[in-house]
Structures are given as structure tokens and as C-alpha cells.
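Letter by letter, the chains look like this.
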Amino acid sequence: MRIHFTGVAGAGMSAVALMMREAGHQVSGSDEDVFPPMSTYVEGLGFPFHRRFDGANLPGGLDLLVLGASAKLGGEANPEVVEARRRGVRITTFPELVGQATDARANTVVAGSFGKSTCTALMAHVLREAGHDAGWMVGAISPSLPDTGHWGTAPQVILEGDEYIVGPADRRSKFLLYHPRDVLLTSLVHDHVNVFPAFADYEAPFRDLLRLLPADGLLVARESPAIRKIAGDAACRVVWYDTQPCDGWWAQDVAYGDVTAFNLVRPDGGRVALTTTLLGAHNIENIVGVGAYLLERGLVGEAALAAGVASFAGIRRRLDRLTTRSAVPVIEGFGSSYEKARSAIEALLLHYPH
């Protein structure tokens, strides 16, 4: 198929464009008012990329237009949408396309209020380093992965699952379209109050996601009262994890530093020694969740997990170390919600108390 992505500089959109290109489709895209790192990243992907919206951007023989949900794209008034309608070209969204394209794969959805991008990228990196050619879709840039999206030849696909709605005309949460076999659930804290005014509204799509899991699926969930409350909606096996002793996987003897070391404690009491250059307690939590999932599923061994975690360089602009030899470290980060900002600040205070 020939597929054009309107709003391709969105993190999810560009990842899906790459997946579709690797799956054998011809792709192109356009966007406006975009900035680094995504603008420069998309410019280097090697498919036609237009820096303004115009009906003339649509290639001949176009089969499908994928429209991003950002308000700045203009929706039905976008000239590319107008031209696609005139030609009779089918229009869809990237969550719908992902769900349709991966319907026959063994999909792992990484969901939660925070930690999704890091956990998805870390899982993809560990699998890749272990020689496992899983597919992935990550909504952020990681220096440890060649691209944000990969089709892969193995049955597994690791998908960052966003709870935000597909778009104004489709109020379903994006992750509900991804046909999950397994879910890694990192957190459940009220977010996106513009579309989920009350916590019960926010919680509802997560309940729906867990109800999609098959009986032979797996839910690996962060120990918390909010997640305990909804875990019963899953008809599959549930495995718990935490940074404290719990009924599942947890972190022991954490020694923070430029290289942080700790033991990943298994439910049977066994221990896996891990090291990481990522900053903050929240990243130890992310590593424990990913390690628990990969080892429970038997996708990698303990040595491969340790090697992958040690070599993982994190996510751009998420406490991203910009210097390696300067006397004063320069670290770039941002928090797009209260919890993310709090975790970033606490991480810096933890590692740089003086």
C-alpha cells in the first residue's frame, strides 16, 4: 500500500510510519511547526517528508491517509484530508492502523500514567541485544534503539499503550485497539483531566484494557492500591512488582551512583544482579517491571537481562545526560505531568544532594 501520514512528526505517528515501511508499504508524511528532536529525527528517516500541509503532498495511487489527532493539524479542514476525501482515499488514525496491522501478532502493551516510554524502549532494547527480533513502537527517541518503530520478524510486538483518546470523533483510549496478549501496567494516577474529569473516568479504560487479556495472557503490574483495585478485571495470571518487598518481584540493596547497582529479587527468592546508568528511584521501578515481565515470559535469560539493562541509555529529554566529562553535569529533562515532574526532581536530589 501507499500510506501518507498527516502529522508524521508526532512521536507515535513516525514510529508507525517506520513499522509500515518495514512491513513493505510505501510511506510519506507531512507536518508543520515542528521542532527538534522530532523534526530532525523525521527528516533523517529517508521517506518523503513535507514541512507544510498541502493536497499536492499526497502521492499518486494513495491507498490510505493516516491523520494525527493533534488539534494543530486542523482535522477535516486540513488540505490533505480535503484532497484525500476528493480522491476517495480511506482515512484512518494511527491507533487503528496499529491494531489492524498487528492483529495476528503476540502484542505486549506497556500502559500506565508514567514510565511507558522508558519501559517500552528498555524492553525492546533488551530483546534486541539478546538477538530477539521483536517489533516495537515507542513514543519517544532512545539512543539505544535504531528507530522508534520496528516491524520485526518474531511474533512479539512491544507497543507503548497510550490511554489518551484516539481523537475528537473517537473517544476510545488508543491502547484499547492494540489486541493485547500481555500488559505491563506501570502506574495508575489521575491524568489527562481534559478528557477524564474524575478518577473513575480515567480508571475506566484501564479496566477495559485488562478485560481484553486472554486467559493465557499475562499481566505484570506495579504494586499499588489503585492497580490492586482493578487487577481482578483481568482473567489471566497476574504478577506483581515493586521497589520494596512484595508478593512478586522487587529491588533489594539499591546503591545509587553514576552507575546504580541493585538485586532484582525473584518471587522464589533468587536474585539477579543488575546495574544501570539511569537516574532516579522511578527508573529502578521501571527496570524491575521490565525484568519481571521478560523473565516471567522466558523471553530472555538473566545474563541477557543484566547486559541489556546495563547498556540501556534511556530516553532523550528524560533526564538525558548531555555531558560525560564536564565538572558540572548537564542533564535535560521535563515533566509533562505532576508525577513526572516530581520523579525527575526527586531523582536529581537523590543523585546530586549537594
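Quantities reported herein were computed from a predicted structural model and do not represent experimental measurements. Every residue gets a number counted from 1 within its own chain, in the order that chain's sequence is written. Per-residue local features are limited, in this predicted model, to residues with pLDDT of at least 70; the limit for side-chain atom pairs, both in listing and counting, is 80 or more; totals at the level of whole chains, interfaces and linings are taken over all residues. Computation of side-chain values: all heavy atoms of the structure, hydrogens and water removed.

**Student:** Whenever I open this one, the sheet that holds strand S3 (residues 49-50) confuses me. Can you help?
**Tutor:** Note: strands within a sheet are paired through backbone hydrogen bonds, in either parallel or antiparallel orientation. Paired strands are those between which DSSP finds at least two bridges. Elements are defined by DSSP. Helices are runs of H or I of four residues or more, strands are runs of E of two residues or more, and each kind is numbered from the N terminus. Sheet architecture is open: five strands sit in the order S3-S2-S1-S4-S5, paired in parallel fashion. Both edges of this open sheet fall to S3 and strand S5 (90-92), since each of them pairs with a single strand only. Residue contacts are defined here by distance: any two heavy atoms, one from each residue, within 4.5 Å place the two residues in contact. What counts as an axis is a line fitted to C-alpha atoms, over the stretch in contact for a helix, and the angles between N-to-C directions run from 0 to 180 degrees. Lying on the sheet, helix H1 (residues 11-22) is in contact with strand S1 (2-6), strand S2 (26-30) and strand S4 (64-67); it crosses S1 at an angle near 170°.

**Student:** What should I look at first to understand the environment of Ser70 in this one?
**Tutor:** Topologically, Ser70 is positioned in the loop between S4 and helix H3 (79-87). Spatially, the C-alpha atoms of Ser70 and Pro36 are 17 Å apart, while their sequence positions differ by 34 residues.

**Student:** What is the right way to read the packing of aromatic side chains from this model?
**Tutor:** Any pair of aromatic rings gets described here by the distance separating the centres and the angle formed by the planes. Pairing of aromatic rings covers Phe, Tyr and the six-membered ring of Trp, with a centre-to-centre limit of 6.5 Å; geometry is then stacked below 30 degrees between planes, edge-to-face above 60, and tilted otherwise. Taken as a whole and judged by the stated rule, the model has four aromatic pairs. When the centroid spacing of 5.2 Å and the interplanar angle of 70° are considered together, the rings of Phe175 and Phe206 count as edge-to-face. Here the residue Phe175 occupies a position in the loop between strand S11 (170-173) and strand S12 (180-185), and Phe206 occupies one in helix H6 (residues 199-211), the gap between them amounting to 31 residues. Relative to Tyr202, the ring of Phe196 has its centre 5.6 Å away and its plane inclined at 75°; by these criteria the two rings are edge-to-face. Type-normalised accessible area, obtained with a 1.4 Å probe on protein chains alone, sets the label of each residue: buried when under 20%, exposed when over 50%, and partly exposed for intermediate values. What makes Phe196 buried here is its relative accessible area of 6%. An aromatic cluster is defined as three or more aromatic residues linked by ring pairs; in this entry it consists of Phe175, Phe196, Phe199, Tyr202 and Phe206. The ring of Trp151 is capped by Arg105, whose NZ or CZ atom sits 4.8 Å from the centre of that ring. The rule for a charge over a ring is simple: NZ of Lys or CZ of Arg within 6 Å of the ring centre, and within 35 degrees of the ring normal.

**Student:** Help me understand the nonpolar core, please; the structure alone is not making it clear to me.
**Tutor:** The nonpolar side chains of soluble globular proteins are, as a tendency, buried together. Counting 54 residues, the largest nonpolar core has Phe5, Met20, Val42, Met137, Tyr178, Leu185 and Leu219 as the members making the most contacts within it. Tallying contributions element by element places H1 first for this core, with seven residues. In this structure, Leu219 is in contact with Val183, Leu185, Leu210, Leu213, Ala231, Ala234, Cys236, Arg237, Val238 and Val239, ignoring residues within four places of it in sequence. What we call a nonpolar core is a set of buried Ala, Val, Leu, Ile, Met, Phe, Trp, Tyr and Cys residues that are connected through their side-chain atoms within 4.5 Å.

**Student:** It is not clear to me how the pairing of S11 should be interpreted in this structure. Could you clarify?
**Tutor:** A regular strand places its side chains on the two faces of the sheet in alternate fashion. Across two bridges, the pairing between strand S10 (residues 165-167) and S11 is antiparallel. Across the sheet, Ile165 pairs through a bridge with Ser173, a residue of S11. The antiparallel hairpin formed by S10 and S11 contains two residues in its connecting segment.

**Student:** Teacher, can you tell me more about the environment of Val34 here?
**Tutor:** Here Val34 lies in the loop between S2 and helix H2 (38-43). With 89 residues separating them in the primary sequence, Val34 and Met123 have C-alpha atoms 28 Å apart. Look past the residues within four positions of Val34 in its chain and what remains in contact with it is Ala9, Ser39, Phe49, Arg51 and Lys72.

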